[in-house]
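# Chains, contacts and geometry: an overview
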Amino acid sequence: MLRTMILISVIFISMRVDANTTAKIAQILMYEQGNIIYIYPEGGVNNPPACHGSNGDYLSYKMDRPMAKEYLSMLMLAFAAQKVVSFRTAGACVDQSVSETILYFTVYK
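Figured I'd write up the structure that's included with this text. Here the residue numbering is sequential within each chain, running from 1 through the sequence in written order. The predicted nature of this model means local features are confined to residues of pLDDT at least 70 and side-chain atom pairs, given and counted, to a pLDDT of 80 or more, with totals for whole chains, interfaces and linings taken over all residues. The basis for the side-chain values is all heavy atoms of the structure; hydrogens and waters are excluded.

## What about the pairing of strand S2 (residues 36–41)?
Exposed residues in this analysis have more than 50% of their type's maximum accessible area, buried residues have under 20%, and partly exposed residues fall in between, with area computed by a 1.4 Å probe over protein chains only. Secondary structure is summarised from DSSP: a helix means a run of H or I of at least four residues, a strand means a run of E of at least two, and numbering begins at the N terminus for each. The buried count for S2 comes to 6 of 6 residues, which makes it a mostly enclosed element. Strand pairing is defined by DSSP finding a minimum of two bridges between the two strands. Looking at chain direction, S2 and strand S3 (residues 59–62) are connected through 4 bridges and run antiparallel. Bridging across to S3, Ile39 finds its partner in Leu59.

Okay, here's the thing in structure tokens:
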């Protein structure tokens, strides 16, 4: 078990991390059936990975993350106040197979 946890940690740390999208949020979609939140940045996603699909220009994350509610709260506030958000992403489609996964973000004033 410990070896598995260490291996997963090493893989996660070695993943490419990009601040590839900095924009205001144009739209937020909550999809209960998939347990996923979709964030549509104004101007779309910059430098998306190959897995990023053509069914929408959005970033996403699953609601079963430990801080998912806090993510949603901050992103909704940023959307309502029209603040610029810089998204750090996994550089891969981890939480959903066709959209780049949000790791964390920064909201600017």
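Moving on from the coordinates now.
## So, unusual backbone geometry
Although it is not a glycine, Asn35 adopts a positive phi angle of roughly 60°. With respect to the element layout, Asn35 can be found in the loop between strand S1 (18–31) and S2. You will see that Asn47, though not glycine, has its phi angle at about 50°, which is positive. Take Asn47: it is sitting in the loop between S2 and S3. Judged by its relative accessible area of 59%, Asn47 falls in the exposed class.

## Some details on the pattern of salt bridges
A side chain of one charge can pair with a side chain of the opposite charge when the charged atoms of the two come close. Basic side-chain nitrogens of Lys or Arg form a salt bridge, by our definition, when they fall within 4 Å of a carboxyl oxygen of Asp or Glu. Applying the stated criterion to the full structure yields 1 salt bridge. Of the charged contacts in the structure, one is a salt bridge between Arg65 and Asp95, with a shortest N-O distance of 3.0 Å. Placement of the pair is Arg65 in the loop between S3 and helix H2 (68–80) and Asp95 in the loop between strand S4 (84–89) and strand S5 (100–107), with a sequence separation of 30 residues.

## Regarding H2
The terminal C-alpha atoms of H2, which comprises 13 residues, lie 18 Å apart, in line with the 18 Å expected from a rise of 1.5 Å per residue. Every buried residue belonging to H2 is among Ala68, Tyr71, Leu72, Leu75 and Ala78, and all of these are buried. Axial view of H2: buried residues confined to an arc of 130°, hence all on one face. Exposed residues on H2 whose side chains face more than 90 degrees from its buried face are Lys69, Leu77 and Ala80. Where H2 ends, the next residue or the one after it, Gln82, has phi of about 55°, a positive value. In this scheme, a helix's expected span is set at 1.5 Å multiplied by one less than its residue total. The directions from the helix axis to the C-beta atoms are what the arc is built from.

## Quick look at the side chain of Ser86
By the secondary structure assignment, Ser86 is in strand S4. For Ser86, a relative accessible area of 10% puts it in the buried group. A distance of 3.2 Å separates polar atoms of two side chains, one belonging to Ser86 and the other to Thr22. The term polar contact refers here to a pair of N or O atoms within 3.5 Å; inside protein, the definition further demands a hydrogen-donor-capable atom paired with an acceptor-capable atom, and it admits residues adjacent in sequence only when both atoms are side-chain atoms.

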